Amino acid sequence: MNPVSAFAVYFIVWWVTLFTVLSVGLKTQDDAGQVIPGTPASAPAGSHLLRVFFINTIVATVLFAIFYYAFAIRGWTFDDLPNFLPTK
């Protein structure tokens, strides 16, 4: 896998996992009991983007490492996926 393709796959994995990690540990203004006038009660109570980006980078790196091992090192392709699924 050339480096440009690897970076593209990593970026896609990072971006998709970002939407999963965004809600981890989120505390709303309603939960904190401090709703700022003019904002919805479901708005975040504080900014935690650096922590979210850090957690997301770790999760995305682990997922990309699994992908890279399976496809680049082991040589598996998407055509091999039916071999891993149970058959009746």
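Everything here concerns the structure above.
Model, not experiment: these values are computed from the prediction. (Residues numbered from 1 in each chain as written. Predicted model: local features only at pLDDT ≥ 70, side-chain atom pairs only at ≥ 80, totals over all residues. Heavy atoms only, no water.)

(A) Highlighting the overall build of the protein chain. A count of helical and extended segments in the protein chain gives four helices and zero strands. Taken from N to C terminus, the helices and strands of the protein chain fall in the order α-α-α-α. Relative to the compact-globule value of 12 Å for 88 residues, the protein chain shows a C-alpha radius of gyration of 19 Å, a clear excess of over 25%. Seen along its three principal axes, the alpha-carbon backbone of the protein chain occupies a region of about 55 × 40 × 15 Å. When the 88 residues of the protein chain are sorted by exposure, 17% land in the buried category. Across the protein chain, contacts joining residues at least 24 apart in sequence account for 56% of those joining residues at least 6 apart. Summed over its atoms, the accessible surface of the protein chain is roughly 6,800 Å², and 71% of this surface lies on carbon and sulfur atoms. For the protein chain, the distance from the average site of its 4 positive side-chain charges to the average site of its 4 negative ones is 7 Å. (Helix = DSSP H or I, 4+ residues; strand = E, 2+ residues; numbered from the N terminus. Rg over C-alpha atoms; globule rule 2.2 N^0.38 Å. Buried < 20%, exposed > 50% of the residue type's maximum accessible area, 1.4 Å probe, protein only. Contact = heavy atoms within 4.5 Å. Areas by Shrake-Rupley, 256 points an atom, 1.4 Å probe, with all protein chains shown as cover. Lys, Arg positive; Asp, Glu negative; His and termini not counted. Charge placed at Lys NZ, Arg CZ, Asp CG, Glu CD.)

(B) The packing of helix 1 (residues 3–21) against helix 3 (residues 49–73), seen in detail. Two numbers describe how helix 1 lies on helix 3: the axes approach to 8 Å, and their chain directions differ by 130 degrees. As the angle between them shows, helix 1 and helix 3 are arranged oblique. Crossing geometry of helix 1 relative to helix 3 is assigned as right-handed. In contact with Ala 6, Val 9, Tyr 10, Val 13, Trp 14, Thr 17, Leu 18 and Val 21 of helix 1, helix 3 contributes Val 52, Phe 53, Ile 55, Asn 56, Thr 57, Val 59, Ala 60, Thr 61, Leu 63, Phe 64 and Phe 67. Tallied by class, residues from the contact of helix 1 with helix 3 come to 15 nonpolar, four polar and no charged. (Axes fitted to C-alpha atoms, helices over the stretch in contact; angles between N-to-C directions. Parallel < 35°, antiparallel > 145°, perpendicular 65-115°, else oblique. Left-handed = near helix turned anticlockwise from the far one by under 90°. Nonpolar A, V, L, I, M, F, W, Y, C, P; charged D, E, K, R; others polar.)

(C) Broad picture of the packing of aromatic side chains. Applying the stated criterion to the full structure yields seven aromatic pairs. With centroids separated by 5.6 Å and ring planes inclined at 85 degrees, the aromatic side chains of Trp 15 and Phe 19 adopt a geometry described as edge-to-face. In this pair, Trp 15 and Phe 19 are both assigned in helix 1, four residues apart and thus about one turn of the helix distant. For Phe 19, a relative accessible area of 52% corresponds to the exposed category. Seen in terms of ring centroids, Phe 64 and Tyr 68 are 6.0 Å apart; in terms of plane orientation they differ by 35 degrees. Their pairing is tilted. Note that Phe 64 and Tyr 68 are positioned in helix 3 at a spacing of four residues, about one turn of the helix. For Phe 64, a relative accessible area of 15% gives the class buried. (Phe/Tyr/Trp six-rings, centres within 6.5 Å; stacked < 30°, edge-to-face > 60°.)

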